[in-house]
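Chains, contacts and geometry: an overview
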Amino acid sequence: MTILRQLGDAILEEAASAQQDTRAYVPLTVDTVPAYLTALPAVMEILGGSTHLDCVEIGDGNLNLVFIVRAQDDPAKSVIIKQALPYLRCAGDGWPLSRERMEYEHMALALEAEIVPELVPAVYHYDRAMSLIVMENLDRHVIMRKGLVEGITYPRFPGHMGHFLAHTLFHTSDLYLASARKKRLVGLFSRNVELCKITEDFVFTNPYMESAENRWNPEIDDVVQRIRAHTRLKCEIAALKDGFLTRTQSLVHGDLHTGSVMLNQEDTRIIDPEFAFFGPMGFDIGAVLGNLALAYCAHEVHSTTDDARAAYQGWLLETIRETWDTFAGEFLRLWREKNEGEATRPAFFAQCGGEDGLDIYRRQYLTGVLRDTLGYAGCKMMRRQLGIAHVYDIDCIADPKRRAVAERLALAIGARFVLERQYVQSIDEMLAIIKTTKEL
Ligand code: SR1
Ligand code: MG
(Lines give C-alpha, C1' and ligand atoms only; values in the text may rest on other atoms or scores of the structure.)
(Ligands and ions follow the chains in the order given, each with its own letter.)
Protein backbone atom coordinates (compact mmCIF):
# COMPACT_ATOMS: atom_id res chain seq x y z
CA MET A 1 0.00 0.00 0.00
CA THR A 2 1.33 3.46 -0.89
CA ILE A 3 1.49 5.85 2.03
CA LEU A 4 0.60 9.31 0.72
CA ARG A 5 3.04 12.03 1.69
CA GLN A 6 1.36 14.96 3.36
CA LEU A 7 2.18 18.65 3.45
CA GLY A 8 5.19 19.30 5.67
CA ASP A 9 6.31 15.64 5.96
CA ALA A 10 9.77 16.48 4.61
CA ILE A 11 10.59 19.22 7.10
CA LEU A 12 9.00 17.40 10.05
CA GLU A 13 11.08 14.29 9.29
CA GLU A 14 14.24 16.32 8.75
CA ALA A 15 13.73 18.16 12.04
CA ALA A 16 13.12 14.90 13.91
CA SER A 17 16.33 13.33 12.59
CA ALA A 18 18.58 16.43 12.64
CA GLN A 19 21.86 15.74 14.42
CA GLN A 20 23.89 18.32 16.23
CA ASP A 21 26.19 19.64 13.48
CA THR A 22 29.66 20.03 14.92
CA ARG A 23 31.41 21.29 11.79
CA ALA A 24 32.80 24.80 12.00
CA TYR A 25 30.99 27.89 10.75
CA VAL A 26 33.10 30.26 8.68
CA PRO A 27 31.74 33.28 6.83
CA LEU A 28 32.53 32.87 3.15
CA THR A 29 34.37 35.48 1.11
CA VAL A 30 34.56 35.94 -2.64
CA ASP A 31 37.90 34.14 -2.47
CA THR A 32 36.69 31.08 -0.53
CA VAL A 33 33.37 30.54 -2.33
CA PRO A 34 34.82 28.68 -5.40
CA ALA A 35 36.60 26.05 -3.26
CA TYR A 36 33.46 25.63 -1.14
CA LEU A 37 31.27 24.97 -4.19
CA THR A 38 33.76 22.62 -5.84
CA ALA A 39 32.97 20.07 -3.12
CA LEU A 40 29.25 20.05 -4.01
CA PRO A 41 28.62 17.84 -7.07
CA ALA A 42 24.94 18.84 -7.49
CA VAL A 43 25.85 22.52 -7.56
CA MET A 44 28.85 21.95 -9.80
CA GLU A 45 26.56 20.28 -12.31
CA ILE A 46 24.44 23.43 -12.48
CA LEU A 47 27.61 25.46 -12.99
CA GLY A 48 28.57 23.20 -15.90
CA GLY A 49 31.37 21.44 -14.02
CA SER A 50 33.83 24.28 -14.44
CA THR A 51 36.02 25.11 -11.44
CA HIS A 52 36.76 28.53 -12.92
CA LEU A 53 34.15 30.61 -11.16
CA ASP A 54 33.56 34.35 -10.80
CA CYS A 55 32.09 35.44 -7.49
CA VAL A 56 30.76 38.79 -6.26
CA GLU A 57 29.08 39.73 -3.00
CA ILE A 58 25.82 41.55 -3.74
CA GLY A 59 24.08 41.56 -0.34
CA ASP A 60 22.50 44.94 0.22
CA GLY A 61 19.89 43.77 2.71
CA ASN A 62 19.83 44.19 6.44
CA LEU A 63 20.91 40.73 7.55
CA ASN A 64 23.01 38.42 5.36
CA LEU A 65 25.85 37.82 2.94
CA VAL A 66 24.70 37.14 -0.62
CA PHE A 67 27.09 35.92 -3.33
CA ILE A 68 26.45 35.46 -6.99
CA VAL A 69 28.67 32.83 -8.62
CA ARG A 70 29.06 32.34 -12.38
CA ALA A 71 30.98 29.87 -14.53
CA GLN A 72 33.69 31.87 -16.30
CA ASP A 73 33.28 30.05 -19.61
CA ASP A 74 29.44 30.26 -19.55
CA PRO A 75 28.21 33.14 -17.36
CA ALA A 76 24.60 32.04 -17.95
CA LYS A 77 25.37 29.16 -15.58
CA SER A 78 25.14 30.67 -12.12
CA VAL A 79 23.91 30.21 -8.55
CA ILE A 80 23.24 32.37 -5.49
CA ILE A 81 24.68 31.68 -2.03
CA LYS A 82 22.92 33.25 0.92
CA GLN A 83 24.79 32.96 4.22
CA ALA A 84 23.67 34.21 7.62
CA LEU A 85 26.10 36.34 9.62
CA PRO A 86 26.12 36.01 13.42
CA TYR A 87 25.02 39.64 13.77
CA LEU A 88 22.52 42.09 12.30
CA ARG A 89 24.34 43.35 9.23
CA CYS A 90 22.61 46.72 9.04
CA ALA A 91 23.43 47.45 12.70
CA GLY A 92 27.04 46.18 12.64
CA ASP A 93 28.71 43.33 14.53
CA GLY A 94 27.74 44.89 17.88
CA TRP A 95 24.19 43.55 17.43
CA PRO A 96 24.44 39.73 17.76
CA LEU A 97 21.84 37.60 15.98
CA SER A 98 22.01 33.82 15.83
CA ARG A 99 22.52 32.15 12.47
CA GLU A 100 19.56 29.82 13.02
CA ARG A 101 17.43 32.03 10.77
CA MET A 102 18.77 30.11 7.77
CA GLU A 103 17.11 26.99 9.20
CA TYR A 104 13.72 28.72 9.07
CA GLU A 105 14.35 30.07 5.58
CA HIS A 106 15.27 26.56 4.45
CA MET A 107 12.15 25.04 6.05
CA ALA A 108 9.86 27.76 4.68
CA LEU A 109 11.30 27.43 1.16
CA ALA A 110 10.80 23.65 1.36
CA LEU A 111 7.19 24.01 2.46
CA GLU A 112 6.46 26.73 -0.13
CA ALA A 113 8.05 24.51 -2.80
CA GLU A 114 5.49 21.81 -1.91
CA ILE A 115 2.66 24.31 -2.34
CA VAL A 116 3.72 26.80 -5.06
CA PRO A 117 7.02 25.57 -6.60
CA GLU A 118 6.68 27.91 -9.57
CA LEU A 119 6.71 30.99 -7.31
CA VAL A 120 9.85 30.37 -5.22
CA PRO A 121 13.54 29.95 -6.09
CA ALA A 122 14.83 26.37 -6.42
CA VAL A 123 17.11 25.28 -3.56
CA TYR A 124 20.19 23.32 -4.66
CA HIS A 125 21.97 22.82 -1.33
CA TYR A 126 21.48 23.59 2.36
CA ASP A 127 24.41 23.59 4.80
CA ARG A 128 23.20 23.84 8.38
CA ALA A 129 26.67 24.21 9.92
CA MET A 130 27.62 27.01 7.55
CA SER A 131 24.13 28.57 7.81
CA LEU A 132 23.88 28.88 4.06
CA ILE A 133 21.63 28.02 1.16
CA VAL A 134 22.76 27.62 -2.44
CA MET A 135 19.85 28.46 -4.68
CA GLU A 136 18.65 29.43 -8.14
CA ASN A 137 20.03 32.71 -9.45
CA LEU A 138 17.04 34.65 -10.74
CA ASP A 139 19.10 36.25 -13.46
CA ARG A 140 16.23 37.52 -15.58
CA HIS A 141 14.40 39.06 -12.63
CA VAL A 142 14.73 42.35 -10.75
CA ILE A 143 13.88 43.26 -7.18
CA MET A 144 10.33 44.60 -7.43
CA ARG A 145 11.00 47.68 -5.27
CA LYS A 146 13.59 48.97 -7.77
CA GLY A 147 11.23 48.42 -10.70
CA LEU A 148 8.45 50.27 -8.87
CA VAL A 149 10.68 53.31 -8.30
CA GLU A 150 11.39 53.36 -12.06
CA GLY A 151 7.67 53.32 -12.78
CA ILE A 152 7.60 49.89 -14.44
CA THR A 153 4.30 47.98 -14.49
CA TYR A 154 4.11 44.22 -13.89
CA PRO A 155 0.82 42.90 -15.26
CA ARG A 156 1.29 39.33 -14.02
CA PHE A 157 2.17 40.34 -10.45
CA PRO A 158 -1.34 40.54 -8.90
CA GLY A 159 -2.29 37.11 -10.22
CA HIS A 160 0.98 35.54 -9.08
CA MET A 161 1.03 37.21 -5.67
CA GLY A 162 -2.68 36.62 -5.04
CA HIS A 163 -2.12 32.96 -5.88
CA PHE A 164 0.95 32.73 -3.62
CA LEU A 165 -0.94 34.27 -0.71
CA ALA A 166 -4.07 32.16 -1.16
CA HIS A 167 -2.24 28.86 -1.50
CA THR A 168 0.43 29.30 1.18
CA LEU A 169 -1.95 30.80 3.74
CA PHE A 170 -4.81 28.35 3.11
CA HIS A 171 -2.73 25.18 3.01
CA THR A 172 -0.91 25.97 6.27
CA SER A 173 -4.08 26.97 8.16
CA ASP A 174 -6.51 24.96 10.29
CA LEU A 175 -8.97 25.23 7.42
CA TYR A 176 -6.90 22.62 5.57
CA LEU A 177 -4.57 20.91 8.04
CA ALA A 178 -5.51 18.39 10.69
CA SER A 179 -4.91 19.99 14.07
CA ALA A 180 -2.08 17.64 15.13
CA ARG A 181 -0.07 18.33 11.97
CA LYS A 182 -0.74 22.05 12.22
CA LYS A 183 0.47 22.12 15.82
CA ARG A 184 3.64 20.19 14.97
CA LEU A 185 4.42 22.73 12.25
CA VAL A 186 3.59 25.61 14.58
CA GLY A 187 6.02 24.06 17.10
CA LEU A 188 8.83 23.95 14.54
CA PHE A 189 8.47 27.54 13.42
CA SER A 190 7.76 28.91 16.91
CA ARG A 191 11.46 28.56 17.58
CA ASN A 192 12.18 31.40 15.13
CA VAL A 193 12.16 33.68 18.14
CA GLU A 194 14.95 36.04 17.20
CA LEU A 195 13.52 37.17 13.89
CA CYS A 196 10.05 37.48 15.42
CA LYS A 197 11.64 39.69 18.09
CA ILE A 198 13.08 41.93 15.34
CA THR A 199 9.54 42.43 14.07
CA GLU A 200 8.13 42.91 17.58
CA ASP A 201 10.73 45.64 18.18
CA PHE A 202 11.10 47.27 14.79
CA VAL A 203 7.57 47.06 13.40
CA PHE A 204 5.33 47.28 16.47
CA THR A 205 7.23 49.06 19.23
CA ASN A 206 10.36 51.17 18.86
CA PRO A 207 9.33 53.32 15.87
CA TYR A 208 6.50 54.85 17.93
CA MET A 209 8.57 55.79 20.99
CA GLU A 210 12.02 57.07 21.83
CA SER A 211 14.58 54.45 20.86
CA ALA A 212 18.24 54.95 20.00
CA GLU A 213 18.24 53.28 16.57
CA ASN A 214 15.24 55.25 15.21
CA ARG A 215 15.97 57.69 12.44
CA TRP A 216 13.65 60.09 10.67
CA ASN A 217 13.75 63.08 8.40
CA PRO A 218 13.95 66.24 10.59
CA GLU A 219 11.44 67.78 8.15
CA ILE A 220 8.72 65.53 9.61
CA ASP A 221 9.61 65.88 13.28
CA ASP A 222 6.22 67.46 14.09
CA VAL A 223 4.30 64.42 12.86
CA VAL A 224 6.74 61.98 14.49
CA GLN A 225 6.01 63.58 17.86
CA ARG A 226 2.24 63.59 17.20
CA ILE A 227 2.26 59.89 16.39
CA ARG A 228 4.22 59.08 19.55
CA ALA A 229 1.60 60.92 21.60
CA HIS A 230 -1.51 59.57 19.81
CA THR A 231 -3.12 57.34 22.45
CA ARG A 232 -5.83 55.79 20.26
CA LEU A 233 -3.33 54.97 17.53
CA LYS A 234 -0.93 53.43 20.05
CA CYS A 235 -3.75 51.30 21.51
CA GLU A 236 -4.56 49.99 18.02
CA ILE A 237 -0.89 49.24 17.29
CA ALA A 238 -0.67 47.40 20.63
CA ALA A 239 -3.72 45.32 19.62
CA LEU A 240 -2.13 44.46 16.26
CA LYS A 241 1.09 43.52 18.04
CA ASP A 242 -0.94 41.24 20.30
CA GLY A 243 -2.29 39.51 17.18
CA PHE A 244 1.24 39.07 15.88
CA LEU A 245 2.36 37.58 19.21
CA THR A 246 -0.55 35.28 19.90
CA ARG A 247 -2.28 34.12 16.69
CA THR A 248 -1.01 31.12 14.75
CA GLN A 249 -3.43 31.33 11.85
CA SER A 250 -1.05 30.28 9.03
CA LEU A 251 2.59 29.99 8.12
CA VAL A 252 3.45 33.52 7.03
CA HIS A 253 6.53 34.60 5.08
CA GLY A 254 7.01 37.24 7.75
CA ASP A 255 8.77 39.93 5.68
CA LEU A 256 6.81 40.09 2.45
CA HIS A 257 7.76 43.58 1.27
CA THR A 258 8.53 44.42 -2.36
CA GLY A 259 12.23 43.76 -1.72
CA SER A 260 11.27 40.10 -1.14
CA VAL A 261 9.82 39.81 -4.63
CA MET A 262 11.89 39.24 -7.79
CA LEU A 263 10.04 39.45 -11.05
CA ASN A 264 9.86 40.38 -14.69
CA GLN A 265 6.98 40.75 -17.14
CA GLU A 266 6.24 37.02 -17.12
CA ASP A 267 7.51 35.49 -13.91
CA THR A 268 7.35 36.26 -10.17
CA ARG A 269 9.31 34.66 -7.32
CA ILE A 270 8.99 35.21 -3.61
CA ILE A 271 12.37 35.14 -1.86
CA ASP A 272 13.86 35.53 1.63
CA PRO A 273 11.38 33.81 4.00
CA GLU A 274 13.80 33.83 6.95
CA PHE A 275 11.19 35.58 9.14
CA ALA A 276 8.71 32.73 8.58
CA PHE A 277 6.51 31.78 11.54
CA PHE A 278 2.85 30.98 12.25
CA GLY A 279 1.01 34.28 12.56
CA PRO A 280 -1.98 36.24 11.24
CA MET A 281 -2.62 35.90 7.49
CA GLY A 282 -3.11 39.66 7.27
CA PHE A 283 0.50 40.18 8.30
CA ASP A 284 1.72 38.90 4.90
CA ILE A 285 -1.08 40.40 2.83
CA GLY A 286 -0.65 43.71 4.66
CA ALA A 287 3.07 43.68 3.93
CA VAL A 288 2.41 43.32 0.19
CA LEU A 289 -0.40 45.88 -0.03
CA GLY A 290 1.31 48.30 2.38
CA ASN A 291 4.48 48.27 0.31
CA LEU A 292 2.50 48.92 -2.87
CA ALA A 293 0.92 51.85 -1.02
CA LEU A 294 4.43 53.06 -0.09
CA ALA A 295 5.32 53.01 -3.80
CA TYR A 296 2.15 55.09 -4.38
CA CYS A 297 3.39 57.65 -1.82
CA ALA A 298 6.89 57.69 -3.34
CA HIS A 299 5.41 58.49 -6.75
CA GLU A 300 4.05 61.74 -5.37
CA VAL A 301 7.69 62.75 -5.88
CA HIS A 302 9.20 60.33 -8.44
CA SER A 303 6.65 60.91 -11.20
CA THR A 304 7.68 63.92 -13.21
CA THR A 305 4.30 64.97 -14.64
CA ASP A 306 0.72 64.92 -13.32
CA ASP A 307 -0.30 62.53 -16.09
CA ALA A 308 2.55 60.13 -15.36
CA ARG A 309 1.75 60.24 -11.65
CA ALA A 310 -1.96 59.59 -12.19
CA ALA A 311 -1.22 56.71 -14.54
CA TYR A 312 1.31 54.99 -12.28
CA GLN A 313 -0.59 55.55 -9.05
CA GLY A 314 -3.69 54.27 -10.85
CA TRP A 315 -1.81 51.10 -11.79
CA LEU A 316 -0.65 50.67 -8.19
CA LEU A 317 -4.22 51.01 -6.91
CA GLU A 318 -5.49 48.48 -9.44
CA THR A 319 -2.63 46.16 -8.47
CA ILE A 320 -3.66 46.37 -4.81
CA ARG A 321 -7.28 45.60 -5.76
CA GLU A 322 -6.41 42.73 -8.10
CA THR A 323 -3.95 41.17 -5.65
CA TRP A 324 -6.61 41.15 -2.94
CA ASP A 325 -9.34 39.94 -5.31
CA THR A 326 -7.16 37.09 -6.58
CA PHE A 327 -6.22 36.14 -3.03
CA ALA A 328 -9.82 36.23 -1.79
CA GLY A 329 -11.25 34.40 -4.83
CA GLU A 330 -8.68 31.61 -4.76
CA PHE A 331 -8.79 31.31 -1.00
CA LEU A 332 -12.58 30.86 -1.07
CA ARG A 333 -12.32 28.34 -3.90
CA LEU A 334 -9.69 26.32 -2.01
CA TRP A 335 -11.78 26.41 1.15
CA ARG A 336 -14.86 25.16 -0.75
CA GLU A 337 -12.91 22.40 -2.52
CA LYS A 338 -10.62 21.29 0.31
CA ASN A 339 -12.43 21.93 3.57
CA GLU A 340 -10.34 19.21 5.23
CA GLY A 341 -9.00 20.87 8.37
CA GLU A 342 -10.17 21.02 11.96
CA ALA A 343 -11.59 24.54 11.81
CA THR A 344 -14.88 24.08 9.94
CA ARG A 345 -15.86 20.42 9.87
CA PRO A 346 -18.74 20.02 7.36
CA ALA A 347 -21.14 18.34 9.84
CA PHE A 348 -21.01 21.42 12.05
CA PHE A 349 -23.06 23.45 9.53
CA ALA A 350 -25.31 20.54 8.45
CA GLN A 351 -28.42 21.97 10.14
CA CYS A 352 -27.73 25.56 9.07
CA GLY A 353 -27.93 25.12 5.34
CA GLY A 354 -24.68 23.17 4.94
CA GLU A 355 -22.45 24.92 2.44
CA ASP A 356 -24.69 28.01 2.43
CA GLY A 357 -24.29 28.38 6.18
CA LEU A 358 -20.57 27.80 5.96
CA ASP A 359 -20.32 30.39 3.19
CA ILE A 360 -21.67 33.02 5.58
CA TYR A 361 -18.84 32.19 7.96
CA ARG A 362 -16.33 32.21 5.07
CA ARG A 363 -17.33 35.79 4.19
CA GLN A 364 -17.03 36.87 7.83
CA TYR A 365 -13.61 35.23 8.03
CA LEU A 366 -12.34 37.05 4.94
CA THR A 367 -13.62 40.38 6.25
CA GLY A 368 -11.54 39.72 9.36
CA VAL A 369 -8.49 38.97 7.20
CA LEU A 370 -9.08 42.20 5.25
CA ARG A 371 -9.22 44.24 8.46
CA ASP A 372 -6.02 42.63 9.71
CA THR A 373 -4.48 43.37 6.31
CA LEU A 374 -5.18 47.09 6.70
CA GLY A 375 -3.84 47.15 10.26
CA TYR A 376 -0.58 45.40 9.44
CA ALA A 377 -0.16 47.38 6.21
CA GLY A 378 -0.52 50.56 8.28
CA CYS A 379 2.12 49.53 10.86
CA LYS A 380 4.52 48.57 8.12
CA MET A 381 4.03 51.86 6.28
CA MET A 382 4.59 53.94 9.40
CA ARG A 383 7.58 52.08 10.77
CA ARG A 384 9.47 52.62 7.49
CA GLN A 385 9.35 56.39 8.08
CA LEU A 386 10.09 56.33 11.80
CA GLY A 387 12.35 53.41 12.70
CA ILE A 388 15.66 51.72 11.90
CA ALA A 389 14.76 50.25 8.49
CA HIS A 390 13.50 52.56 5.76
CA VAL A 391 12.56 51.73 2.18
CA TYR A 392 14.53 52.58 -0.94
CA ASP A 393 11.37 53.90 -2.70
CA ILE A 394 11.31 56.89 -0.35
CA ASP A 395 14.87 57.01 1.02
CA CYS A 396 16.28 57.50 -2.47
CA ILE A 397 14.60 60.93 -2.68
CA ALA A 398 17.66 63.07 -1.93
CA ASP A 399 15.99 66.40 -1.13
CA PRO A 400 14.64 66.17 2.48
CA LYS A 401 11.79 68.60 1.74
CA ARG A 402 10.59 66.57 -1.23
CA ARG A 403 11.14 63.30 0.65
CA ALA A 404 8.95 64.67 3.46
CA VAL A 405 5.99 64.87 1.04
CA ALA A 406 6.10 61.10 0.50
CA GLU A 407 6.84 60.37 4.16
CA ARG A 408 3.95 62.47 5.46
CA LEU A 409 1.54 60.82 3.04
CA ALA A 410 2.79 57.34 4.04
CA LEU A 411 2.30 58.18 7.72
CA ALA A 412 -1.17 59.59 7.10
CA ILE A 413 -2.36 56.59 5.06
CA GLY A 414 -0.73 54.16 7.50
CA ALA A 415 -2.41 55.79 10.50
CA ARG A 416 -5.81 55.75 8.78
CA PHE A 417 -5.43 52.07 7.88
CA VAL A 418 -4.76 51.28 11.53
CA LEU A 419 -7.49 53.53 12.95
CA GLU A 420 -10.27 52.81 10.44
CA ARG A 421 -9.70 49.14 9.72
CA GLN A 422 -12.54 47.83 11.92
CA TYR A 423 -15.11 49.68 9.78
CA VAL A 424 -13.80 48.44 6.43
CA GLN A 425 -15.91 45.88 4.53
CA SER A 426 -14.29 45.76 1.09
CA ILE A 427 -11.06 46.35 -0.77
CA ASP A 428 -12.69 49.42 -2.37
CA GLU A 429 -12.76 51.07 1.04
CA MET A 430 -9.03 50.43 1.45
CA LEU A 431 -8.41 52.08 -1.92
CA ALA A 432 -10.68 54.98 -0.95
CA ILE A 433 -8.51 55.62 2.12
CA ILE A 434 -5.41 55.83 -0.09
CA LYS A 435 -7.08 58.10 -2.65
CA THR A 436 -8.64 60.52 -0.18
CA THR A 437 -5.77 60.91 2.29
CA LYS A 438 -3.90 64.19 2.40
CA GLU A 439 -0.47 64.30 4.00
CA LEU A 440 -0.24 64.72 7.78
C1 SR1 B 1 16.86 45.57 11.76
S2 SR1 B 1 16.29 44.53 10.58
C3 SR1 B 1 15.17 45.56 9.83
C4 SR1 B 1 14.27 44.94 8.86
O5 SR1 B 1 14.92 44.28 7.80
C6 SR1 B 1 14.16 43.17 7.41
O7 SR1 B 1 13.96 43.15 6.04
C8 SR1 B 1 12.88 43.24 8.19
O9 SR1 B 1 11.89 43.98 7.51
C10 SR1 B 1 13.34 43.92 9.41
O11 SR1 B 1 12.30 44.48 10.15
MG1 MG C 1 14.77 40.03 3.73
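Calculation rules
Residues numbered from 1 in each chain as written. Chains lettered and ligands numbered in written order. Predicted model: local features only at pLDDT ≥ 70, side-chain atom pairs only at ≥ 80, totals over all residues. Heavy atoms only, no water. Helix = DSSP H or I, 4+ residues; strand = E, 2+ residues; numbered from the N terminus. Expected span 1.5 Å × (residues − 1). Buried < 20%, exposed > 50% of the residue type's maximum accessible area, 1.4 Å probe, protein only. Domains from an automatic or database assignment. Contact = heavy atoms within 4.5 Å. Buried area = accessible area lost by both parts, 1.4 Å probe. Salt bridge = Lys/Arg side-chain N within 4 Å of Asp/Glu carboxyl O. Polar contact = N/O pair within 3.5 Å; in protein donor to acceptor, adjacent residues only side chain to side chain. Nonpolar A, V, L, I, M, F, W, Y, C, P; charged D, E, K, R; others polar. Near = heavy atom within 4 Å. Areas by Shrake-Rupley, 256 points an atom, 1.4 Å probe, with all protein chains shown as cover. 1 Å grid on protein atoms, 1.4 Å probe; cavity = no way out; pocket = protein on both sides within 12 Å on 5 of 7 lines; lining within 4 Å. Sits in = over half its atoms within 2 Å of the grid points. Pairing = 2+ DSSP bridges. Axes fitted to C-alpha atoms, helices over the stretch in contact; angles between N-to-C directions. Parallel < 35°, antiparallel > 145°, perpendicular 65-115°, else oblique.

**Overview of helix α4 (residues 101-115)**
Residues separated by three or four positions in an α-helix point in the same direction, a consequence of the helix having 3.6 residues per turn. The end-to-end C-alpha separation of α4 is 21 Å, in line with the 21 Å expected for 15 residues at 1.5 Å each. Along α4, 12 of the 15 residues are buried, which leaves the element largely enclosed by surrounding structure. For α4, every residue scored as buried is listed here: Arg101, Met102, Glu103, Tyr104, Glu105, His106, Met107, Ala108, Leu109, Leu111, Glu112 and Ile115.

**Re the domain arrangement of the protein**
Segmenting the protein into domains produces domain 1 (2-136) and domain 2 (142-436). Placing the centre of domain 1 and that of domain 2 at their C-alpha centroids yields a distance of 27 Å. Contacts between domain 1 and domain 2 engage 33 residues on the former and 34 residues on the latter. Summed over both partners, the interface of domain 1 with domain 2 comes to about 2,800 Å²; 67% of that surface belongs to carbon and sulfur atoms. Arg101 is the salt-bridge partner of Glu274, the closest N and O atoms lying 3.8 Å from each other. In this structure, the connection of domain 1 to domain 2 is made through 10 residue pairs in polar contact (both at pLDDT 80 or more). Listing elements by their share of the side of domain 1 that touches domain 2, those giving two or more residues are α1 (9-17) and α4. Among the elements that take part in the side of domain 1 that touches domain 2, α4 stands out by supplying 9 residues, more than any other. In terms of residue class, the side of domain 1 that touches domain 2 is built from 19 nonpolar, 5 polar and 9 charged.

**Considerations on the site of ligand 1**
Near ligand 1 you find Asn62, Leu88, Cys90, Ile198, Phe202, Asp255, His257, Phe275, Arg383, Arg384 and Ala389, and these make up its full shell. Within the side chain of Arg384, an N or O atom sits 3.5 Å from an oxygen atom of ligand 1. Relative to its unbound accessible surface of 320 Å², ligand 1 loses 95% to contact with the protein. Its atoms largely coinciding with the cavity grid, ligand 1 occupies the largest pocket. Residue assignment for the shell around ligand 1 shows that the elements contributing at least two residues are α8 (193-202) and α13 (355-386). A class-by-class count of the residues in the shell around ligand 1 yields 6 nonpolar, 2 polar and 3 charged.

**Observations regarding the pattern of salt bridges**
Within the structure shown, the criterion is met by 32 salt bridges. Here Glu103 ties to Arg128 by a salt bridge, and the two come within 2.8 Å at their closest N and O atoms. On the criterion of sequence distance, the pair formed by Glu103 in helix α4 and Arg128 in the loop between β4 (123-127) and β5 (132-136) is long-range, its members being 25 residues apart. Looking at Glu103, the relative accessible area reads 18%, which means it is buried.

**A few points about the pairing of β5**
Counting buried positions over the 5 residues of β5 gives 5, a clear majority of the element. Looking at chain direction, strand β3 (residues 74-84) and β5 are connected through 5 bridges and run antiparallel. Bridged to Val79 within β5 is Glu136. Direction of pairing for β4 relative to β5: antiparallel, over a ladder of 4 bridges. Residue pairing in the sheet places Val123 in a bridge with Met135 of β5.

**Section: unusual backbone geometry**
Even without being glycine, Ser131 reaches a positive phi, approximately 50°. Tracing the backbone through its elements, the reader meets Ser131 in the loop between β4 and β5. We note that Asp272 has phi near 65°; this positive angle belongs to a residue other than glycine. Tracing the backbone through its elements, the reader meets Asp272 in the loop between β9 (268-270) and β10 (277-279). Accessibility expressed as a relative area gives 24% for Asp272, which makes it partly exposed.

**With respect to the sheet that holds β4**
Taking strand neighbours across the sheet as the criterion, the 5 strands line up as β1-β2-β3-β5-β4 in an open arrangement whose pairing is antiparallel. Each edge of the open sheet carries a strand with a single partner, namely β1 (53-57) and β4. Strand-to-strand twist of the sheet, defined as the mean angle between neighbouring strand axes without regard to direction, takes the value 20°. Against the sheet, α4 contacts β2 (64-71), β3, β4 and β5, and its axis sits at roughly 35° relative to β5.

**Focus on the packing of α1 against α4**
Where α1 contacts α4, the two axes come as close as 9 Å, and the packing angle between them is 150°. Accordingly, the angle class assigned to the pair α1 and α4 is roughly antiparallel. Across the interface between the two elements, Asp9, Ala10, Ile11 and Glu14 from α1 touch His106, Met107, Ala110, Leu111 and Glu114 from α4. Among the residues making up the contact of α1 with α4, the classes are represented as 5 nonpolar, 1 polar and 3 charged.

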